[in-house]
Amino acid sequence: IEVSVNTFFRAMSGRNYAPFAQFTNGQLNAPTAKRRPNLEPRGSRRLAKDITLDLRLEKVFSLGDRDKVGVFADITNSLNRSTITGVLLRVPSTEVTTGPGETATVLFESPGSIIAPRQAQFGLRWSF
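So, here is what we can say about the structure in this document.

How each quantity is defined
Residues numbered from 1 in each chain as written. Predicted model: local features only at pLDDT ≥ 70, side-chain atom pairs only at ≥ 80, totals over all residues. Heavy atoms only, no water. Helix = DSSP H or I, 4+ residues; strand = E, 2+ residues; numbered from the N terminus. Rg over C-alpha atoms; globule rule 2.2 N^0.38 Å. Buried < 20%, exposed > 50% of the residue type's maximum accessible area, 1.4 Å probe, protein only. Polar contact = N/O pair within 3.5 Å; in protein donor to acceptor, adjacent residues only side chain to side chain. Salt bridge = Lys/Arg side-chain N within 4 Å of Asp/Glu carboxyl O. Pairing = 2+ DSSP bridges. Axes fitted to C-alpha atoms, helices over the stretch in contact; angles between N-to-C directions. Phe/Tyr/Trp six-rings, centres within 6.5 Å; stacked < 30°, edge-to-face > 60°. Lys NZ or Arg CZ within 6 Å of the ring centre and 35° of its normal. Contact = heavy atoms within 4.5 Å.

### A few points about the overall build of the chain
Turning to step 1, where the next piece is worked out: Along its length, the chain carries 0 helices and 10 strands.
Turning to step 2, where the next piece is worked out: Along the chain, helices (α) and strands (β) appear in the sequence β-β-β-β-β-β-β-β-β-β when read from the amino end.
Turning to step 3, where the next piece is worked out: Over its C-alpha atoms the chain spans a radius of gyration of 23 Å, topping by over 25% the 14 Å that the globule rule assigns to 128 residues.
Turning to step 4, where the next piece is worked out: Reported as C-alpha extents along the three principal axes, the dimensions of the chain are approximately 75 × 35 × 25 Å.

Quick look at the structure:
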């Protein structure tokens with residue numbers, strides 16, 4: 001029947017991080033690396049574990065002796081887990097630009113990046 005189901009499962013422990021403080025040159029006259037000290041030992045905090053399951057479903061149709069066409073669907077993050085993969089590390093907060101002349105305060109350990117939500121991609125594959 002030439003139908004295939006493929007899976008990719010990934011489970012990783014959460015990434016490590018450490019908070020830091022940022023000082024201006026006026027506050028602390030030192031090279032840039034010295035104006036950004038870690039407040040805890042490197043890797044002292046950990047994000048949640050990352051579990052992802054991707055699927056591929058494919059049906060192949062024969063078109064004569066050698067030609068084949070495969071119709072497939074790739075479903076990424078099929079468990080639809082919105083795992084946080086990055087957080088703001090600067091203590092106590094930082095300012096970000098939200099528009100022309102507008103800023104917002106983002107607090108320490110606020111989510112900075114997450115795994116993209118469940119997505120599906122459809123396609124055709126021609127073997128000749």
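There is more to say, and it comes next.
### A short note on the side chain of threonine 94
Turning to step 1, where the next piece is worked out: In this structure, threonine 94 sits in strand β7 (residues 93-99).
Turning to step 2, where the next piece is worked out: Here threonine 94 falls in the buried class, since its relative accessible area comes to 16%.
Turning to step 3, where the next piece is worked out: Looking at threonine 94, its side chain comes within polar contact range of the side chain of arginine 90, at 3.4 Å.

### Things to note about the pattern of salt bridges
Turning to step 1, where the next piece is worked out: Applying the stated rule across the entire model yields 6 salt bridges.
Turning to step 2, where the next piece is worked out: The closest approach of N and O atoms between arginine 45 and glutamate 40, which form a salt bridge, is 2.7 Å.
Turning to step 3, where the next piece is worked out: Arginine 56 is the partner of aspartate 74 in a salt bridge, and the nearest nitrogen-oxygen pair spans 2.6 Å. Of this pair, aspartate 74 sits in strand β5 (residues 67-76) while arginine 56 sits in strand β4 (residues 50-63), and the two are 18 residues apart along the sequence.

### Thoughts on the sheet that holds β4
Turning to step 1, where the next piece is worked out: Taken in spatial order, the 4 strands of this open sheet run β1-β4-β5-β10, and their pairing is antiparallel. Unpaired on one side and paired on the other, β1 (3-12) and β10 (119-127) mark the two borders of the sheet. Geometrically, the sheet is characterised by an average inter-axis angle of 15° between neighbouring strands, direction not taken into account.
Turning to step 2, where the next piece is worked out: Of the strand pairs in this sheet, β4 and β5 are connected by 9 bridges, and their pairing is antiparallel. Counted as the bridge partner of valine 60 is glycine 70 from β5.

### Considerations on the packing of aromatic side chains
Turning to step 1, where the next piece is worked out: If you walk through the whole model with that rule in mind, you get 1 aromatic pair.
Turning to step 2, where the next piece is worked out: One Lys or Arg, arginine 56, reaches over the ring of phenylalanine 72 and ends 4.1 Å from the middle of that ring.
Turning to step 3, where the next piece is worked out: Sitting over the ring of phenylalanine 61, lysine 59 keeps its end group 5.2 Å from the ring centre.

### Here's the deal with the pairing of strand β8 (residues 102-107)
Turning to step 1, where the next piece is worked out: Sheet topology note: the β7/β8 ladder contains 6 bridges and is antiparallel. Each bridged residue has a counterpart across the sheet, and for glycine 99 the counterpart in β8 is glutamate 102.
Turning to step 2, where the next piece is worked out: Counting the residues between successive antiparallel strands, the hairpin from β7 to β8 contains 2 residues, one of them, glycine 101, with a positive phi of roughly 75°.

### Let's talk about the environment of alanine 120
Turning to step 1, where the next piece is worked out: Relative to the helices and strands, alanine 120 resides in strand β10.
Turning to step 2, where the next piece is worked out: Alanine 120 gets classed as exposed once you look at its relative accessible area, which sits at 51%.
Turning to step 3, where the next piece is worked out: Look past the residues within four positions of alanine 120 in its chain and what remains in contact with it is Asp74 and Ile75.

### Remarks on unusual backbone geometry
Turning to step 1, where the next piece is worked out: With an omega of -5°, the peptide bond running from valine 91 to proline 92 counts as cis.
Turning to step 2, where the next piece is worked out: Turning to its location among the elements, proline 92 is positioned in the loop between β6 (84-87) and β7.
Turning to step 3, where the next piece is worked out: Despite not being glycine, asparagine 77 has its phi angle at roughly 50°, a positive value.
Turning to step 4, where the next piece is worked out: Along the chain, asparagine 77 falls in the loop between β5 and β6.
Turning to step 5, where the next piece is worked out: Looking at asparagine 77, the relative accessible area reads 2%, which means it is buried.
Turning to step 6, where the next piece is worked out: One non-glycine residue, glutamate 109, lies in positive phi territory at about 65°.
Turning to step 7, where the next piece is worked out: With respect to the helices, strands and loops of the structure, glutamate 109 is situated in the loop between β8 and β9 (111-114).

Just geometry here; none of it tells us what the structure is for.
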